[in-house]
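Tertiary structure, described
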Amino acid sequence: MRSEDQHAAIEVARVCVGLSVQELWLRYLALGGSCDAFDVDGHLQGLVALDTFQQDVLAQAANEALDEFVDSRRVPLSGAARDPTADGALTEVIDQLLTRWHRAPAPALRPQAESPPEEEGRPPTGSPARV
Amino acid sequence: MTEPTDVPQAVPVDLSAALSQMAGLVLSRETVETALELVTSLAATATAGTLGAAVTLVDERGRRSRAASNSAAERADALQYELDEGPCLSAWADREVVRVDDTTTDGRWPRWNAAVLSLGVRSVLSTPLVAGGEAIGAMKVYSERPMNYGTHDERIMLLLADQAAILLSNSQSLHEARRLSRQLTGALATRDTIAQAVGVLLGRGAGSAEEAFGTLSAAAAQAHRPVEEIARALLDAVVVGPAASRAH
């Protein structure tokens, strides 16, 4: 998404979920954003350009607020409640995160990595001695 | 319009400025409650023949907090909210001094007048509390004597209300500052968690902090969870060890 469209979309989301600029900024700060509330306000009005990373953090803050807004208003079905994103899915996502860069050779601080504690299910990593 | 490339490197958040700004508001140990009590007792002593005095504050969310110098005043106040009519609600809404000389003959709030008669209330003087152009509540005195309050009492109450409004709105700001500082503390805790998770991913080969955050954010979208939860789960998995986390 082009940045001109992104700031407008974030502003629409903010108004939709009923957050003040200050509240959105606080969420953005919590996620690691580092621009001040004044810049964020200016950005939402299309007056201040933020770098791509700051824009993405702000977008993430807006998206999380949108998710909370929608989740809290989800209409329940009469059947048994089932959370499709139960713990299993979360564990899987975390595993993917932790092994994401494993295939790439480590920046060879030690040529011989420690042997993995368990062999279960882990895809074999590339030869550790390859530099 | 500036080009996005012109944007300087983001400066670190100036937390010390934000915190000292709040600390400026936390000047005294006064709370809204003690300020209310102070104002109430001042109103009661400043007007002769007063049975009881009370103060009501309405914040921007419509919540009310009140203080009363005795139970009759408290009850007379509560009746206004129960019946949704009475001199103080009018004083607050219209921002005008309201005086009831005799509750047995005043026709403006018949239900409330009848109800407070049993408490012995015969005359009332109520002034709005206006601070910074905003009506933040009302301050009132009740008397058992009809025609107890005159224009002199109105002047005293108006003078008192001016000062009370400033004091009370400051205590409300203090309250607000406490709430903000709690939120900020929460935001910093989240930020810590995410920064640690970014650090873990950097240690595992992520090219940059931005890339690591992007990965966390993508994982959050995939699991339909907030980034903070992903970051916390990631840290838990690392601390416990990958084998143990899989056994969960």
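Residues numbered from 1 in each chain as written. Chains lettered and ligands numbered in written order. Predicted model: local features only at pLDDT ≥ 70, side-chain atom pairs only at ≥ 80, totals over all residues. Heavy atoms only, no water.

1. Overview of the packing of helix α6 (residues 151–203) of chain B against helix α7 (residues 209–223) of chain B
Residue and element names in this part refer to chain B.
- Two elements in contact, α6 and α7, have axes separated by 9 Å at closest approach and are oriented at 110°. The orientation of α6 relative to α7 falls into the category roughly perpendicular. For the pair α6 and α7, contact is made by Ile194, Ala197, Val198, Leu201 and Leu202 and by Ala209, Ala212, Phe213 and Leu216, respectively.
- When its residues are assigned to classes, the contact of α6 with α7 shows nine nonpolar, no polar and no charged. (Axes fitted to C-alpha atoms, helices over the stretch in contact; angles between N-to-C directions. Helix = DSSP H or I, 4+ residues; strand = E, 2+ residues; numbered from the N terminus. Parallel < 35°, antiparallel > 145°, perpendicular 65-115°, else oblique. Contact = heavy atoms within 4.5 Å. Nonpolar A, V, L, I, M, F, W, Y, C, P; charged D, E, K, R; others polar.)

2. Brief notes about α6(B)
- Under the 1.5 Å per step criterion, the end-to-end length of α6(B) is 77 Å for 53 residues, consistent within 8% with the ideal 78 Å.
- Note on α6(B): the residue one or two positions beyond its end, Gly205(B), has a positive phi of about 115°. (Expected span 1.5 Å × (residues − 1).)

3. What about the confidence of the model for chain B?
All names here are of chain B.
- Per-residue confidence for chain B gives a mean pLDDT of 81, with 81% of residues at or over 70.
- Confidence over residues 1–13 falls short of pLDDT 50; this stretch has 14 contacts with residues more than four positions distant or in other chains.
- Interface confidence for the predicted complex, expressed as ipTM, amounts to 0.71; the pTM equals 0.54. (pLDDT = per-residue confidence, 0-100.)

4. Section: the pairing of strand β1 (residues 52–58) of chain B
All names here are of chain B.
- Within β1, seven of the seven residues are buried, which leaves the element mostly enclosed by the surrounding structure.
- Pairing of β1 with strand β5 (residues 134–143) involves six bridges; the strand directions are antiparallel. When the sheet's bridge partners are listed, Leu57 is paired in β5 with Gly137. (Buried < 20%, exposed > 50% of the residue type's maximum accessible area, 1.4 Å probe, protein only. Pairing = 2+ DSSP bridges.)

5. Topic: the packing of helix α2 (residues 21–30) of chain A against helix α3 (residues 37–44) of chain A
All names here are of chain A.
- Close contact between α2 and α3 brings their axes to 10 Å; oriented N to C, the two are set at 115°. As far as their axial angle goes, α3 and α2 are roughly perpendicular. Taken as a pair, α2 and α3 cross one another with a handedness that is right-handed. Within the contact between the two elements, α2 uses Val21, Gln22, Leu24, Trp25 and Tyr28 and α3 uses Ala37, Val40, Asp41 and Leu44. (Left-handed = near helix turned anticlockwise from the far one by under 90°.)

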